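Single-letter residue listing:
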Amino acid sequence: MQKQVSLDISGLQHFVSEQELDEIQPMVQTARNLLVQGTGVDAQMNEWAKLPANYDHVEFDRIKAAAKQIAENSQILIVIGIGGSYLGSKMAIDFLHGSFYNHSFDGKHPQIFFAGNTLSPTYTQDLLNIIGDWDFSINVISKSGTTTEPAMAFRIFKQKLIEKYGIDEAYQRIYVTTDAHKGALLEEARQNDYETFTIPDGVGGRYSVLTAVGLLPIATSGGNIDQLMQGAMLAYNDLYDTDFGNNDMLKYAAYRNILYRKGITNEILESYEPHMRYLAEWWKQLAGETEGKDHKGIYPSSTIFSTDLHSLGQYIQEGMRNLMETVIEVDSSQSDLYIPRSRENLDGLRYLEAVSMDDVNKTAREAVALAHSSGGVPNMLITLKDNSATTLGYLIYFFEFAIATSGYLNGINPFNQPGVEDYKRNMFALLGKPGYEDLRDSIKKSPH
Ligand SMILES: O=P(O)(O)OC[C@H]1O[C@](O)(CO)[C@@H](O)[C@@H]1O
């Protein structure tokens, strides 16, 4: 039976030997065991790994009820969050509903727009204009409850909500997803009696898509969150398999690290499907924040092909040889098309008249793999069975597990992000946040 997600490494045959795989295998197993047994550094942040088998079913039902309520009284849901607090739901909505979800409003599922992931007043004002007179609700998501971008956006969109509905109804249209115990957002939610969902302890932002962080917006879009969790559970069962030969997650972690240790330090996640653009954005945060520390780590980047073949294709084919590619392909495309027949054949496309567009797309993928491989770029292929929520749930867990394993394999803490905290502190100091006066003074004195 075809698995939801499978890895093909035939594009590595000129780059990695079986012996190298044998050599790294015990280290990958050790890294995997650190994760599964909870004996690695910062192991209390491993709770995401147990979510498929052990999530809060009462909250899950509340999420579904809230999604229904939002769909009943709103044409628009504004999801406020940044990083892991929005990328997972954005990528899932695009993956499940295609590139034009917001343009195909069916009256049943609200349009979903994202705010608080930028400090741009232009973007924010444009979004306020889009809301106009439509009925809307807000889902504000922040684990820390103090991140500047979502906090500012929340004030702005909350004000619009209050102006439109008055305080009482406005507060009923605010759904908060935050830490269970602390943070300014939790405090405000308690005081104003907003409906609140929890990001469980031990689940960091970039590992949180299978909690209310991702599930409430996804359910509001009509995405099947039962199937999503079932898919993650399938992965949980498969990936806990200690047999290396059966475990594509461990193989993916192994091969990308063999390549990395040979100086191939950049991984490009590639898809031939534009609706997977945000899947790559989500993966970039997952990989970048997990692995990029102590002056180590694979640099994660992404392209959408064939679009970017006409911009970055040249570099990938002939630029510096420090690139590896991981291609994600859907086995059975959601839709297919044939080009119309033309008697005149003025464009010379007759040879494609009997070929489906999906076949042309997949042939492009094959042609690129051959070209890049002969150009010195190793490539791996991840095949998804279909575009279902089950497959997406599997894929989410696949990447989370593989990337966390890679982190331990590289001897770093996969669960912190001290580098991001640096920028946040500097920004607080420069903007004059109380408590950051000393840092502000020292920044002002230091030569740039
Ligand atoms: O949910 P929060 O606490 O607002 O943080 C948002 C994002 O900011 C980061 O801390 C840094 O980008 C991410 O790890 C996190 O996903």
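Residues numbered from 1 in each chain as written. Predicted model: local features only at pLDDT ≥ 70, side-chain atom pairs only at ≥ 80, totals over all residues.

1. Considerations on helix α13 (residues 389-409)
Since the α-helix packs 3.6 residues into each turn, any two residues three or four apart lie on the same face. Put simply, the test is: Runs of H or I in DSSP of at least four residues are treated as helices and runs of E of at least two as strands, each being numbered from the N terminus. To estimate how far a helix should extend, the number of its residues minus one is multiplied by 1.5 Å. Residue burial is a threshold on neighbouring C-beta atoms within 10 Å of the residue's own C-beta, all placed from the backbone, with 20 or more meaning buried, 12 or fewer meaning exposed, and counts in between meaning partly exposed.
An ideal rise of 1.5 Å per residue puts 30 Å on 21 residues; α13 measures up with 30 Å between its terminal C-alpha atoms. Counting buried residues along α13, 21 of its 21 residues qualify, which places the element largely inside the surrounding structure. Backbone geometry just downstream of α13 places Gly411 in the positive-phi region, at approximately 70 degrees.

2. Looking at the sheet that holds strand β2 (residues 76-80)
Strand pairing in a sheet takes place through backbone hydrogen bonds and is either antiparallel or parallel in direction. Rules: Pairing between two strands requires that DSSP report at least two bridges joining them. For every element, the axis is a line fit to its C-alpha atoms; helices are fit only across the contacting stretch, and the angle between N-to-C directions ranges from 0 to 180 degrees. Residue pairs qualify as contacts under a 7 Å threshold applied to their C-beta atoms, which are placed from the backbone.
Spatial ordering of the open sheet is given by β3-β2-β4-β5-β6, a layout of five strands whose pairing is parallel. At either end of the open sheet lies a strand with only one pairing partner, and these are β3 (111-115) and β6 (195-199). Taking the axes of each pair of neighbouring strands and ignoring which way they run, one obtains an average angle of 20 degrees across the sheet. Packed on one face of the sheet, helix α5 (residues 148-172) meets β2, β3, β4 (136-142) and β5 (174-179) and runs near 140 degrees to β4.

3. Digging into the confidence of the model for the chain
We count it as follows: A score from 0 to 100, pLDDT tells how confident the predictor is in each residue.
In this model, the chain carries a mean pLDDT of 95, and residues with pLDDT of at least 70 account for 100%. Scoring the predicted complex yields pTM 0.97 and, for the interface, ipTM 0.97.

4. As for unusual backbone geometry
Here the amide bond leading from Phe305 into Ser306 is cis, since omega sits at 5 degrees, within 30 degrees of zero. Its location among the elements puts Ser306 in the loop between β8 (299-304) and α11 (313-318). One non-glycine residue with positive phi stands out, namely Asp193, at about 60 degrees. By the element assignment, Asp193 lies in the loop between α6 (184-192) and β6. With 11 C-beta atoms counted inside 10 Å, the residue Asp193 sits in the exposed group. In the Ramachandran plot, Asn345 falls in the positive-phi region, its phi being about 55 degrees despite a non-glycine side chain. Note on placement: Asn345 falls in the loop between β9 (323-330) and α12 (357-374).

5. Considerations on the UniProt feature "active site" (unreviewed entry) in the chain
Inclusion rule: UniProt positions are given in the numbering used here, feature names are shortened, and annotations may be inferred rather than shown by experiment.
Feature annotation in UniProt places "active site" (unreviewed entry) on Glu289 and Lys424, given in this structure's numbering. Along the chain, Glu289 falls in helix α10 (residues 277-291). The class for Glu289 is buried, based on 25 C-beta atoms found within 10 Å. Apart from the residues within four sequence positions on either side, Glu289 is in contact with Arg206, Gln417 and Val420. As for its placement among the helices and strands, Lys424 is situated in helix α14 (residues 418-431).

6. Concerning the nonpolar core
To keep it simple, the criterion reads: Nonpolar cores are built from buried Ala, Val, Leu, Ile, Met, Phe, Trp, Tyr and Cys residues. These are joined into a set through C-beta atoms within 7 Å. Just so you know, the domain bounds were taken from an automatic or database domain assignment.
Ranked by size, the top nonpolar core spans 105 residues in total, and within it Ile78, Ile80, Leu216, Ala232, Tyr397 and Phe398 carry the most contacts. Counting residues per element, this core draws most heavily on α13, at 14 residues. The residue makeup of this core includes at least three contributed by each of domain 1 (5-39 + 228-410) and domain 2 (51-223). When neighbours within four sequence positions are excluded, Ile80 is seen to be in contact with Ala115, Gly116, Ile138, Val140, Ile141, Pro150, Ala153, Phe154 and Phe157.

7. Things to note about the site of the ligand
How we decide: Each residue gets a C-beta atom placed from its backbone. If that atom is within 6 Å of a molecule or strand, the residue is near it. Each residue is assigned to one class: nonpolar for Ala, Val, Leu, Ile, Met, Phe, Trp, Tyr, Cys and Pro, charged for Asp, Glu, Lys and Arg, and polar for all the others, Gly among them.
Around the ligand, a shell composed of 14 residues is seen, among which Gly83, Gly84, Ser144, Thr147 and Gly205 lie nearest. For the shell around the ligand, a count of residues per class yields three nonpolar, eight polar and three charged.

8. Some thoughts on the domain arrangement of the chain
As assigned here, the chain comprises domain 1 (5-39 + 228-410) and domain 2 (51-223). Counting residues at the interface gives 22 residues for domain 1 and 21 residues for domain 2. In terms of residue count, the dominant contributor to the side of domain 1 that touches domain 2 is α10 (eight residues). By residue class, the composition of the side of domain 1 that touches domain 2 is 15 nonpolar, four polar and three charged.

9. Section: the sheet that holds β9
Ordered in space as β1-β10-β9-β7-β8, the five strands form an open sheet in which the pairing is mixed. The open sheet has two edge strands, β1 (5-8) and β8, and neither has a second partner. On average, each strand axis in the sheet is tilted by 20 degrees relative to the strand beside it, whichever way the strands run. With four bridges joining them, β1 and strand β10 (residues 379-384) adopt antiparallel strand pairing. Residue pairing for β10: Asp8 is matched across the bridge by Leu381. Taken strand by strand, α13 contacts β1 and β10, and its axis lies near 55 degrees from that of β1.

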